[in-house]
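The chain contents come next:
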Amino acid sequence: MLLPLACLHGRVAQCLTSLLVLAEPLPRPRRGAKARGAVLTSAEAAPAGAKMAAELYPPAGASAATATDIANSNAAGAAESTKVGLCCPPCLAPAPLPPLPAPPLPDNNNPESPNWQSFHPTLRERNALMFNNELMADVHFIVGALGAARRVPAHKVVFFHPQYVLAVGSSVFYAMFYGDLAEVKSEIHIPDVEPAAFLVLLKYMYSDEIDLEADTVLATLYAAKKYIVPALAKACVNFLETSLEAKNACVLLSQSRLFEEPELTQRCWEVIDAQAEMALRSEGFCEIDRQTLEIIVTREALNTKEAVVFEAVLNWAEAECKRQGLPVTPHNKRHVLGRALYLVRIPTMTLEEFANGPAQSDILTLEETHNIFLWYTAAKKPPLDFPLTKRKGLVPQRCHRFQSSAYRSNQWRYRGRCDSIQFAVDRRVFIAGLGLYGSSSGKAEYSVKIELKRLGMVLAQNLTKFVSDGSSNTFPVWFEHPVQVEQDTFYTASAVLDGSELSYFGQEGMTEVQCGKVAFQFQCSSDSTNGTGVQGGQIPELIFYA
């Protein structure tokens, strides 16, 4: 039976609406009966789809409200048509909807610090940052179908072109190669960096490997600072701290000030203060700049005699004359010293030290020499241009490892046998000497040999004498120079006494002792042949600077 034309048009519209509904993705099934395999029917999906179709394709001239009404009417019609089983011919299917936009790809094009290289110390981190990053990209891939393609940046010269490796390793090199004033030359001259140091810098940028040597570490630190490579600079500073000792402390102090490394500067001062005589008499002291010279000479904590300071200043002046190409004369030495000469505390020397040193150096004027002699001897002292107060130096600290002391008629005896103890500390200190017990039977004199060893190697020793007053007090015996002791390493302190056999001895010994900021740990030593151990015996004190 033929349907009327108007009715046919209505059926076609309903078929189109049903097709639009089926083109829309089905919603995710909910939990329950439908989620376990049931499929939504066309009637259930029709209302939303019909409404969307009407809004997308409203009749010409229809308003938004009219379009909504049509959508509601068509939705009802679509549901009814499904019930009677009518179908729409395939030729009348609508055009496909435009594809949804592709989800964004991850990228690294986030704003970074101008010195971003400093915050990524390893080559792997710096290369990871270049992933999908327009920065220095020299090739782009157009990925995806036409209309939905993405432009992905990449770096075809990674690991094959030094320009890229250097630029991702240093903000200075990045500015040199990619900045507004980028270098276009094939050769770049760097006259102020040593070749060996520059090779260390390049090796780190190419491989993350750091090979430092004592002869080139300062030059490498300069290169790392110049090209702003903080990881390499930190490695240089750590290397210098571990190799720091009295003979290079003054030079490293000068360099640490130049490179603005406060931690290294503090470490240098610890060594210079505690081992001042060794530091001032080293060759390195003569290589420092004049400003560092003045800073050292004004140092209140220098733990040495003023005669040693004066001698060191004269040695520096001689070296400076040679650097400036001047004849080494008293006049020229005084000239290169300038005001630094008047920072030496000459009046704090003993009269004998002054007479044997500054008075015969010819660097002082006759008037200055005359006035200083009067200052020592006259009741009315003349004014002087030199500081008059003695340096404070360092106050020695004592670690006492026994809680009490005692004596008995048959103990403690000395017959040339060794008293020894092992110890370790939790931070770097300088052992200056040992405190020992003396005679328990009145005043007596002892000859003593003290030693400090590490792994069997003698680090310091002294053969001297001390007088005991017969009390239980300890008596200090000093090494010639304080000895630097590293943390978490066991050292052996030993003493061999010869004198009155009967002596005081310690008891109730402690395994661990907290002395100020330093923790000491004690254990028995196999070198001890006279009975000294952790619990009792001789060597009651360690004298140190910290």
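Residues numbered from 1 in each chain as written. Predicted model: local features only at pLDDT ≥ 70, side-chain atom pairs only at ≥ 80, totals over all residues. Heavy atoms only, no water.

Counting 73 residues, the largest nonpolar core has Phe173, Leu201, Phe285, Leu293, Ile296, Leu337 and Ile346 as the members making the most contacts within it. Leu201 has contacts with Phe173, Ala223, Tyr227, Val229 and Leu232, leaving out every residue within four places of it along the chain. By size, the runner-up hydrophobic cluster in this structure holds 37 residues, among which are Trp412, Ile421, Leu434 and Leu436. (Core = buried A, V, L, I, M, F, W, Y, C linked by side-chain atoms within 4.5 Å. Buried < 20%, exposed > 50% of the residue type's maximum accessible area, 1.4 Å probe, protein only. Contact = heavy atoms within 4.5 Å.)

The end-to-end C-alpha distance of helix α10 (residues 246-258) is 19 Å, a good match for the 18 Å that 13 residues give at a rise of 1.5 Å each. A maximum bend of about 30 degrees is found in α10 at Leu252. Those residues of α10 lying buried are Ala246, Ala249, Cys250, Val251, Leu252, Leu253, Ser254 and Ser256. Those residues of α10 that are buried lie in contact with α8 (217-226), α9 (230-242), α11 (262-274), α12 (276-280) and α13 (290-297). Glu260 lies just past α10 and shows a positive phi near 55 degrees. (Helix = DSSP H or I, 4+ residues; strand = E, 2+ residues; numbered from the N terminus. Expected span 1.5 Å × (residues − 1). Bend = angle between axes of the 7 residues up to and from the residue.)

The subject of this paragraph is the layout of surface pockets. Of the volumes computed, that of the largest pocket is approximately 430 Å³. Considering the residues around the largest pocket, the lining is formed by 20 residues, among which Glu245, Gln275, Met278, Val483 and Gln484 are closest to the centre. If you tally residues by element for the lining of the largest pocket, the top one is strand β9 (residues 474-485), at six residues. Taken together, the residues of the lining of the largest pocket break down into nine nonpolar, six polar and five charged. (1 Å grid on protein atoms, 1.4 Å probe; cavity = no way out; pocket = protein on both sides within 12 Å on 5 of 7 lines; lining within 4 Å. Points joined across faces, edges and corners; volume = space filled by probe spheres on them. Nonpolar A, V, L, I, M, F, W, Y, C, P; charged D, E, K, R; others polar.)

What follows is about the sheet that holds strand β3 (residues 397-400). Note on sheets: strands pair through backbone hydrogen bonds, and any given pair is parallel or antiparallel. The four strands lie next to each other as β3-β14-β6-β9, forming an open sheet whose pairing is antiparallel. Strand pairing shows two members of the sheet lacking a second neighbour, β3 and β9, which therefore form its edges. Put simply, the sheet's adjacent strands are angled 25 degrees from each other on average, direction ignored. One ladder, built from five bridges, connects strand β6 (residues 429-437) with strand β14 (residues 541-545); its direction is antiparallel. Bridging across to β14, Gly433 finds its partner in Ile543. (Pairing = 2+ DSSP bridges. Axes fitted to C-alpha atoms, helices over the stretch in contact; angles between N-to-C directions.)

Within the structure shown, the criterion is met by zero disulfides. Free of any disulfide, Cys250 has its nearest cysteine sulfur in Cys268, 8.5 Å distant. Its relative accessible area of 1% is what places Cys250 among the buried residues. (Disulfide = S-S within 2.5 Å.)

Next up on the list: the confidence of the model for the protein. Considering every residue of the protein, the mean pLDDT works out to 78; 69% of them sit at 70 or more. Within the model, the stretch residues 1-93 combines pLDDT values under 50 with 53 contacts to residues more than four positions away or in other chains. (pLDDT = per-residue confidence, 0-100.)

What follows is about unusual backbone geometry. Residue Ile228 is not a glycine yet carries a positive backbone phi of 55 degrees. Position of Ile228 relative to the elements: it lies in the loop between α8 and α9. Given a relative accessible area of 33%, Ile228 falls into the partly exposed group. You will see that Asp362, though not glycine, has its phi angle at about 65 degrees, which is positive.

Quick look at the pairing of strand β7 (residues 444-454) now. As paired strands, β7 and strand β8 (residues 457-468) are joined by eleven bridges and run antiparallel to one another. Opposite Lys453, over in β8, you have Val458 as the bridge partner.

On inspection of all chains with the given rule, the structure shows 13 aromatic pairs. Judged by centre distance (6.0 Å) and plane angle (80 degrees), the rings of Trp375 and Tyr376 are edge-to-face. Like Trp375, the residue Tyr376 is buried in the burial classification. The aromatic ring of Phe522 is capped on one face by Arg401, whose charged end is 5.8 Å from the ring centroid. (Phe/Tyr/Trp six-rings, centres within 6.5 Å; stacked < 30°, edge-to-face > 60°. Lys NZ or Arg CZ within 6 Å of the ring centre and 35° of its normal.)

Attention now moves to the sheet that holds β8. Read across the sheet, six strands follow the order β8-β7-β10-β5-β13-β12 without closing on themselves; strand pairing throughout is antiparallel. Strand pairing shows two members of the sheet lacking a second neighbour, β8 and β12 (512-515), which therefore form its edges. Between one strand axis and the next, the sheet turns through 25 degrees on average, direction left out of account.

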